Amino acid sequence: MTGGGLLVAGTTSDAGKSVVTAGICRWLVRQGVKVAPFKAQNMSLNSFVTREGAEIGRAQAMQAQACRVEPTALMNPVLLKPGGEQSSQVVLMGKPVGELSARGYHGGRQERLLGTVLDCLAELRGTYDAVICEGAGSPAEINLRRTDIVNMGIARNAGLPVLVVGDIDRGGVFASFFGTVALLSPEDQALVAGFLVNKFRGDVSLLEPGLDMLHDLTGRRTYGVLPFRHGLGIDEEDGLRVSLRGTVRESQVSSPVGEDVLRVAVCAVPLMSNFTDVDALAAEPGVVVRFVDRPEELADADLVVIPGTRGTVRALEWLRERGLADALVRRAAEQRPVLGICGGFQVLGEHIEDEVESRRGQVEGLGVLPVRVRFAREKTLTRPVGAALGERVEGYEIHHGVAEVYGGEPFLDGCRVGQTWGTHWHGSLESDGFRRAFLREVAGAAGRRFVPAPDTSFAALREEQLDRLGDLIEQHADTDALWGLIESGAPQGLPFIPPGAPA
């Protein structure tokens, strides 16, 4: 028996598809429904490693958490990791299979992956009561429809009803809803069941006449109006850009437990990856996290973080171009805390030998850690467990660079020299005991009377966030009608809205 399904599409990128998908998943699992997330193709530098060693988008890992199931490669069979404006690494079923230009991918490779993604979706639907699928960008990208495997391509092949999400906070949501439907073929339009308004501020009664007119124009209903809420973004997917407002969750910094706050500056390196590593710091009361791109912004920072990047050599050049490299070297010499994670760890080393990512050969690093890095063609994808500062630590590794450490103190398979720390482990700061111990070290070195809160549980905060998303769906969407879509598909007889897709 095949489980029910729904595709959550959007009028634009960043309309709220990931959040709505996670919210529907959490609402369903609280109703006793066995549910899984699915995104056929994801473009993101923000990825995660599953227990079987597969790399998938972090948004799908968070959606799996919303479903209270373990994430697997089936939930995101195709992941594109941009390496610049023109090309991306293609990760298929959790493993890298090569680099392709956008033209090469959309010129035929993408279409050939349709069978793989349909097989993954079918396997999930055979295992779960419901599968909530997330689209990408807009389903009305008419230039890409022929090779589409993530929006209407997957909906048509799997017979999925489609819910279109629009961000009303941006304006123009009615035109976006109408235009999205009107640019689809009759066959695609027949699967578009209706709309969901996201990020609404104000009195819903003032919106209702517009929703009625939208129904008259399209023959499709609106399944809910979700109010604007701060701090509800789950792990971002942005491919070539970073939504910095989302990264720190748009939330106010809680009052510190001690007398001082702790200031954290994150270098906004190009092709930044897994920038969610600093979310656990931002969740701590009294920790102020900001992203910086100028050396003077490091002056009052108690901790500087160099995050991961898909372009380690490019990031190193950027740090030098901006004057940040010299500022980081001075910080290290002055015993002021610096933490490098993955690519950020690599740039702190003596030199980098890269014939894989940038193909630039040997490049001198910042030279503040006794490390030599050689890029291997095989990608390291692991879920290590260890200890540091007397505390248990869990993390995950995603990198081509192999580090040879020949000095310093051991630190999470990397090393530490004075107050400069480097590791390939993403997610280590989510380990509560270690994070508190690390922040105490940082505060001591910075001369701050900062005290980590004794009871901050990052996992509990994640669960609370997912429950808030479930609450939004439960309280502000027509859940009976949503379940009807999931169980029975799109309503029959939905009208065609001209002009339809170009021939």
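In this report, we go over the structure that sits alongside the text. Here the residue numbering is sequential within each chain, running from 1 through the sequence in written order. Since the coordinates come from a predicted model, pLDDT governs what is reported: local features require at least 70, and pairs of side-chain atoms require 80 or more to be given and counted, while whole-chain, interface and lining totals use all residues. To obtain the side-chain values, all non-hydrogen atoms of the structure were used and water was disregarded.

A look at the overall build of the protein chain
The criterion, for reference: Here a strand is any run of E in DSSP of at least two residues, a helix any run of H or I of at least four, and the numbering for each starts at the N terminus. In this description the radius of gyration comes from C-alpha coordinates, and the expected globular size is given by 2.2 Å times residues to the power 0.38. The buried label goes to any residue with under 20% of its type's maximum accessible area, the exposed label to any with over 50%, and the partly exposed label to all in between, with areas taken from a 1.4 Å probe on protein chains only. Only the protein chains shown count as cover for residues, with accessible areas throughout obtained via the Shrake-Rupley method and a probe of 1.4 Å.
When helices and strands are tallied, the protein chain shows 16 helices and 27 strands. The C-alpha atoms of the protein chain give 23 Å as radius of gyration, which agrees with the globular expectation for 503 residues (23 Å, within 12%). If you line up the protein chain on its principal axes, its C-alpha atoms span 70 × 50 × 40 Å. When the 503 residues of the protein chain are sorted by exposure, 59% land in the buried category. With the model as given, the accessible surface of the protein chain reaches about 19400 Å², and the carbon-plus-sulfur share is 49%.

Some thoughts on the packing of aromatic side chains
Here a ring pair, both rings aromatic, is described through the centre-centre distance and the interplanar angle of the planes. Our working definition: Here is the rule: rings of Phe, Tyr and Trp (six-membered ring for Trp) pair when centre to centre is within 6.5 Å. Planes less than 30 degrees apart are stacked, more than 60 are edge-to-face, and the remainder are tilted. As a reminder, the over-ring test applies to NZ of lysine and CZ of arginine, requiring each to be within 6 Å of the ring centre and within 35 degrees of the ring normal.
Enumeration according to the criterion identifies six aromatic pairs in this entry. Aromatic pair Phe 434 and Phe 438: ring centres 6.0 Å apart, planes at 25 degrees, arrangement stacked. Of this pair, Phe 434 and Phe 438 are both found in helix H14 (residues 432-446), four residues apart, which corresponds to roughly one turn of the helix. You can call Phe 434 buried: its relative accessible area is 1%. A residue is classified by how much of its surface remains accessible, and Phe 438, at 1% relative accessible area, is buried. Grouping aromatic residues by their ring pairs yields a cluster made of Phe 411, Trp 421, Phe 434 and Phe 438. It is Arg 201 that lies over the ring of Phe 228; its NZ or CZ is 3.7 Å from the centre. Over the ring of Tyr 406 we find Arg 372; its NZ or CZ atom is 4.0 Å from the centre of that ring.

So, the sheet that holds strand S2 (residues 35-38)
Filter applied, for reference: For two strands to be treated as a pair, DSSP must find no fewer than two bridges joining them. Geometry is summarised by axes, namely lines fitted to C-alpha atoms with helices restricted to the contacting stretch, and by angles between N-to-C directions that run from 0 to 180 degrees. In this description, contact between two residues means that some pair of their heavy atoms is separated by no more than 4.5 Å.
The parallel open sheet is built from six strands, whose spatial order is S2-S9-S1-S10-S11-S12. Only two strands of the sheet have a single partner each, and these edge strands are S2 and strand S12 (221-227). Averaged over all neighbouring strand pairs, the angle between strand axes comes to 20 degrees, with direction disregarded. Bridging between strand S11 (residues 192-200) and S12 involves four bridges; their strand directions are parallel. By the bridge assignment, Phe 195 is partnered in S12 with Thr 222. Packing against the sheet, helix H4 (residues 114-127) makes contact with strand S1 (4-10), S2 and strand S9 (130-134), and its axis sits at approximately 170 degrees to S2.

Concerning the sheet that holds strand S7 (residues 87-92)
Taken together, the four strands give an open sheet; going across it, the order is S3-S6-S7-S8, and neighbouring strands pair in mixed fashion. Two strands lie at the open edges of the sheet, namely strand S3 (41-43) and strand S8 (95-101), each paired on one side alone. Along the sheet, successive strands turn relative to each other by an average axial angle of 25 degrees, direction set aside. Sheet topology places S3 next to strand S6 (residues 78-82); three bridges connect them, and they run parallel. Bridging from a neighbouring strand, Gln 41 pairs with Val 78 of S6.

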